[in-house]
Amino acid sequence: MRDDLLPVLACPVCAEPLARTAPGQAGCRNGHRYDEAKQGHLTLLPARRRALTADTPAMVDARLRFLGRGHYAPVERALTRVVGEATAPGVVLDVGSGPGTYLAHTLDGAGDDSAGDDTAVAGPAGRLGVALDLSAVAVRRAARIHARVGAVVGDVTERLPVVDRAVAVVLDVFAPRNQHEYARVLHPEGVLVVVTPRAGHLEELAAATISVDPEKERRLHDSLTPAFTLRASEDLTWTMALTAEDVHDVVHMGPSHHHVAPDTVFAPESVTAAVTVSTWAPTA
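Residues numbered from 1 in each chain as written. Predicted model: local features only at pLDDT ≥ 70, side-chain atom pairs only at ≥ 80, totals over all residues. Heavy atoms only, no water.

Trainee: Requested: an account of the overall build of the protein chain, with residues and values cited.
Mentor: Regarding its fold elements, the protein chain presents 7 helices and 11 strands. For the protein chain, buried positions account for 52% of its 284 residues. Restricting the contact set of the protein chain to residue pairs at least 6 apart, pairs at least 24 apart contribute 69%. As displayed, the protein chain offers around 12,800 Å² of accessible surface, 51% of which is attributable to carbon and sulfur atoms. (Helix = DSSP H or I, 4+ residues; strand = E, 2+ residues; numbered from the N terminus. Buried < 20%, exposed > 50% of the residue type's maximum accessible area, 1.4 Å probe, protein only. Contact = heavy atoms within 4.5 Å. Areas by Shrake-Rupley, 256 points an atom, 1.4 Å probe, with all protein chains shown as cover.)

Below you can see the structure in the form of structure tokens.
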């Protein structure tokens, strides 16, 4: 874990900021200590928490393969624009980050004009990122995905192990939401960007994927208000030409993994992706 990221992180016991206390160890001024894993990440889970299901090694591997082939590039570009346009001080916090693929893209892409006029955005150079996920398997990967990323095992349904107002942008990509914690950790001028599936997302794989709730938009609004106000919303739709391996990976990288036999064979497909990228500001 980078030393300059530790003051952003909060002790899960007393909520005090963390600092380096010894090589391979971080802690707070109240004496609570946390050992770094050999991969460099920290586990900052509350002592008492609900039992939740985390991503498995197979799910993380499938996500890395699928996203690594660029199939969700429109989402990556949209997130990069938001991060690049952010002016608030602070880190980029990716909640439910998985292996940190989206976070790494935003840190690399913000302020980079090498991709052409459509994707070039201006943003603070060298912004740091924190990847937070319940899956230790995913966090181990995230710890090594980018030089400016620190990775934490944490629980989005509980108090986030992040100090108040330390975050410029919260990324929530297909992840659960915690409006009160997002509002607490965000700088007053910060933004929350949420990616949710729309009706028709992966519809060609309906037999193998979890269907999108038709009330998704309403539930999203309810889950973020009154702490947040919608600032912008963009619907993205594109067609993916997928191989059999791609289809297998997109099915097994998410919750559908728990409902589909691992040896199920899928034929190559032309598959629709349909998501909404919404940007929210903390309510004054």
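Still more ground to cover, so stick around.
Trainee: So what about the sheet that holds strand S2 (residues 25-27)? Which residues, and what values?
Mentor: Ordered in space as S1-S2-S3, the 3 strands form an open sheet in which the pairing is antiparallel. Two strands lie at the open edges of the sheet, namely strand S1 (19-22) and strand S3 (33-35), each paired on one side alone. Taking the axes of each pair of neighbouring strands and ignoring which way they run, one obtains an average angle of 40° across the sheet. Relative to S2, S1 runs antiparallel, the two sharing 3 bridges. (Pairing = 2+ DSSP bridges. Axes fitted to C-alpha atoms, helices over the stretch in contact; angles between N-to-C directions.)

Trainee: How would you sum up helix H1 (residues 57-68)? Please name residues and give values.
Mentor: Helix length check: H1, at 12 residues, gives a terminal C-alpha distance of 16 Å against a target of 16 Å (1.5 Å per residue), a fit within 8%. Among the residues of H1, those classed as buried are Met59, Val60, Ala62, Arg63, Phe66 and Leu67. The buried side chains of H1 occupy one side of the element, clustering within an arc of 160° when seen end-on. The secondary structure elements touched by the buried residues of H1 are helix H2 (73-85), helix H3 (101-109), helix H4 (136-142), strand S10 (228-242) and helix H7 (244-252). Gly70 sits one or two positions beyond H1 and adopts a positive phi of about 80°. (Expected span 1.5 Å × (residues − 1). Arc of directions from axis to C-beta.)

Trainee: Describe H2, with residues and values.
Mentor: Taking 1.5 Å of rise per residue, the 13 residues of H2 would be expected to cover 18 Å, and the 18 Å separating its terminal C-alpha atoms lies within 8% of that figure. Among the 13 residues of H2, 10 are classified as buried, and the element is accordingly described as predominantly covered. Those residues of H2 that fall on the buried side of the exposure criterion are Ala73, Pro74, Val75, Glu76, Ala78, Leu79, Thr80, Val82, Val83 and Gly84.

Trainee: For the pattern of salt bridges, give the residues involved together with the corresponding values.
Mentor: Applying the stated criterion across every chain yields a total of 14 salt bridges. Notably, a salt bridge pairs Arg159 with Asp164, separated by 4.0 Å at the nearest N-O pair. Here Arg184 makes a salt bridge to Asp164, at a shortest N to O gap of 2.7 Å. Note that Arg184 is positioned in helix H5 (residues 179-185) and Asp164 in the loop between strand S7 (149-153) and strand S8 (167-173), a separation of 20 residues in sequence. A relative accessible area of 47% places Asp164 in the partly exposed class. Salt bridges linked by common partners bring Arg65, Arg69, Glu245, Asp246 and Asp249 together as one network. (Salt bridge = Lys/Arg side-chain N within 4 Å of Asp/Glu carboxyl O.)

Trainee: Explain the nonpolar core to me, using residue names and the numbers behind them.
Mentor: Within the largest apolar cluster, 43 residues are counted, with the highest numbers of intra-cluster contacts made by Tyr72, Val169, Met240 and Val250. Sorting elements by how many residues they give to this core places H2 first, with 5 residues. The next biggest cluster of nonpolar side chains, apart from the first, holds 37 residues, and it includes Val91, Val130, Leu160 and Ala227. (Core = buried A, V, L, I, M, F, W, Y, C linked by side-chain atoms within 4.5 Å.)

Trainee: Give me the packing of aromatic side chains: which residues, what numbers.
Mentor: Enumeration over the complete set of coordinates arrives at 3 aromatic pairs. Between the aromatic rings of Tyr72 and Phe174, the centroid separation amounts to 6.3 Å while the plane-to-plane angle is 55°, which identifies the pairing as tilted. In this pair, Tyr72 sits in the loop between H1 and H2 while Phe174 sits in the loop between S8 and H5, placing the two residues 102 residues apart along the sequence. Taking the relative accessible area as the measure of exposure, Tyr72 reaches 2% and is therefore buried. Pairwise contacts between aromatic rings join Phe66, Tyr72, Phe174 and Trp238 into one cluster. (Phe/Tyr/Trp six-rings, centres within 6.5 Å; stacked < 30°, edge-to-face > 60°.)

Trainee: If you had to explain the sheet that holds strand S4 (residues 42-43) to someone new, which residues and values would you point to?
Mentor: The mixed open sheet is built from 8 strands, whose spatial order is S4-S7-S6-S5-S8-S9-S11-S10. Either end of the sheet is taken by a strand with one partner, and the two such strands are S4 and S10. Running over the sheet, H3 touches strand S5 (91-95), strand S6 (129-133), S7 and S8 and is turned about 160° from S5.

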